[in-house]
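# Reading the structure
Take a look at the letters that make up each chain.
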Amino acid sequence: MSSADADAYAGAGSAPDAAAGPAAPDLTSLLAMIAAEEAAGTRSRTVPRAVSLTVLVDGPSGAGKSTLADRLVEAWPGAETPTLVRLDDIYPGWGGLAQAGRDVHDSLLLPRSRGLVGGWRRYDWAGGELAEWHTVDAAAPLIVEGCGVLTRANAGLGDIRVWIDADDVVRKERALARDAGAFDPWWDIWQEQFDEFVRLDDPRSSADIVLDGTSALDGTSPGDGGSEAGHGSTVVL
């Protein structure tokens, strides 16, 4: 999305004033962006017309990315339900934040930008190995959510880029409670990788819209979404 288009929607979707306290993210402006892009049938970059809308959602662990992505699927304003890809299914283990960003670029977003079928390979967290391959049709709308998706290379391949953040204490409590102890020994290692990603790629600056996920979406706990592939061996980061 162009900077001019983003400015037109900046009001309702931008992070609320801290003095007023965090409010549940208002998806109105984000859905308006999606509807406008869907209706126009044009992209902010030159791509084959066979390529449908691509939305990238990033932010720190526990900020509410998974729940936000679920809400977008449910409320999608276009005629076709989008494909949802979660980086939680792609990270090759606890040290794989940067690798997942590269993998989704090479195997999914770059082919898609050329009008080709892309895909991703699931990582089996229980077995500690790569598992089955999933293809993604370039003609269907796509949402990719996860820590590390908004790299500089990936940002240019998305049509709408979303950054969602939350209070550090709140999001850590959520993330550790959600994974029932699985995340506890890895929190610092994961956060170090995320901090390095932010330092190198400055993902927030690539966002068309910034949301505050400190408060829940419709009373649900942000970030409690499951894996897209439906496998119980996936952690949620």
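Above: the structure in question.
Values in this document were obtained by computation on a predicted structure and should not be read as measured data. Per chain, residue numbering runs from 1 following the sequence as it is written. Only residues with pLDDT of 70 or above have their local features reported here, since the model is predicted, and side-chain atom pairs are shown and tallied only from 80 upward, although totals for entire chains, interfaces and linings are computed over all residues. With hydrogens and water set aside, each side-chain value is computed from the structure's full complement of heavy atoms.

### A word on the overall build of the chain
- Check the secondary structure of the chain and you find 8 helices and 7 strands.
- Throughout this description, buried means an accessible area under 20% of the type-specific maximum (1.4 Å probe, protein chains only), exposed means over 50%, and partly exposed covers the range between. Evaluated residue by residue, the chain yields a buried proportion of 51% over its 237 residues.
- In the chain, 78% of the contacts between residues at least 6 apart in sequence involve partners at least 24 apart.
- What sets the accessible areas is the Shrake-Rupley method with a 1.4 Å probe; for residues, cover comes only from the shown protein chains. As presented, the chain carries roughly 9800 Å² of accessible surface, and 51% of it is formed by carbon and sulfur atoms. Each helix is a run of H or I in the DSSP string that is no shorter than four residues. Each strand is a run of E no shorter than two, and both are numbered from the N terminus. Contacts are assigned to residue pairs that have any heavy atoms within 4.5 Å of one another.

### Structural notes on the sheet that holds strand β1 (residues 54-58)
- With parallel pairing, 5 strands are arranged side by side in an open sheet as β2-β5-β1-β6-β7. Of all the strands in the sheet, the pair left with one neighbour each is β2 (83-86) and β7 (209-212). For this sheet the average axis-to-axis angle between neighbouring strands, irrespective of direction, equals 20°.
- Strands are treated as partners if at least two bridges between them are detected by DSSP. The sheet contact formed by β1 and strand β6 (residues 160-165) spans 4 bridges and is parallel. Residue Asp58 lies in a different strand from β6, and its bridge partner there is Trp163.
- Contacting β1, β6 and β7, helix α3 (residues 28-40) crosses the sheet at an angle of about 170° to β6. Axis definition: a line fit to C-alpha positions, over the contact stretch in the case of helices; interaxial angles, taken between N-to-C directions, run 0 to 180 degrees.

### Some details on the nonpolar core
- The definition of a nonpolar core used throughout is a set of buried Ala, Val, Leu, Ile, Met, Phe, Trp, Tyr and Cys residues joined through side-chain atoms within 4.5 Å. Residues Val85, Tyr91, Leu108, Leu109, Val144 and Trp190 are the most contacted members of the largest nonpolar core, which totals 32 residues.
- At the level of secondary structure, the elements contributing two or more residues to this core comprise α5 (97-113), β3 (118-124), β5 (142-145) and α8 (187-201).
- For this core, the element with the highest residue contribution is α5, accounting for 5 residues.
- If near-sequence neighbours (up to four positions away) are discounted, Trp190 is found in contact with Ser61, Tyr91, Gly93, Trp94, Leu97, Cys147, Phe183 and Leu237.
- Listed in part, the 20 residues of the second largest apolar core include Leu27, Ala63, Ala69 and Ile160.

### Quick notes on the packing of aromatic side chains
- Under the pairing criterion, centres of Phe, Tyr and Trp rings, with the six-membered ring standing for Trp, must be within 6.5 Å; the plane angle then separates stacked pairs below 30 degrees from edge-to-face pairs above 60, leaving the rest tilted. Per the counting criterion, the structure on display carries 9 aromatic pairs.
- Here Trp94 and Trp186 contribute two aromatic rings whose centre-to-centre distance is 5.5 Å and whose plane-to-plane angle is 5°, an arrangement assigned as stacked. Here Trp186 lies in the loop between α7 (168-178) and α8 and Trp94 lies in the loop between β2 and α5, a separation of 92 residues in the sequence.
- For Trp94, a relative accessible area of 12% puts it in the buried group.
- Geometrically, the ring pair formed by Tyr123 and Trp125 is edge-to-face, given 5.7 Å between the ring centres and 85° between the ring planes. Judged on exposure class, the residue Tyr123 and its partner Trp125 are both buried.
- Ring pairing ties together the aromatic residues Tyr91, Trp94, Tyr123, Trp125, Phe183, Trp186, Trp187 and Trp190, which thus form one cluster.

### Points about the pairing of β5
- Alternating positions in β5 separate into two faces, Leu142 and Val144 on one and Ile143 and Glu145 on the other, with burial throughout.
- Pairing geometry for β1 and β5, over 4 bridges, is parallel. Within β5, the residue paired with Thr54 across the bridge is Leu142.
- Where β2 meets β5, 4 bridges bridge the pair, whose relative direction is parallel. Paired with Thr83 across the two strands is Leu142, which belongs to β5.

### So, the side chain of Thr54
- Looking at the secondary structure, you find Thr54 in strand β1.
- Residue classification places Thr54 among the buried residues on the basis of a relative accessible area of 0%.
- Two N or O atoms count as a polar contact when they lie within 3.5 Å, although within protein this holds only if one can serve as hydrogen donor and the other as acceptor, and sequence-adjacent residues are included solely when both atoms are side-chain atoms. Side chain to side chain, Thr54 and Arg112 meet in a polar contact 2.7 Å long.

### Looking at the pairing of strand β4 (residues 129-136)
- Pairing of β3 with β4, which is carried by 6 bridges, proceeds in the antiparallel orientation. Bridge pairing in β4 links Gly119 to Thr135.
- In sequence, β3 turns back onto β4 through a hairpin of 4 residues, with Gly128 there showing a positive phi of about 70°.

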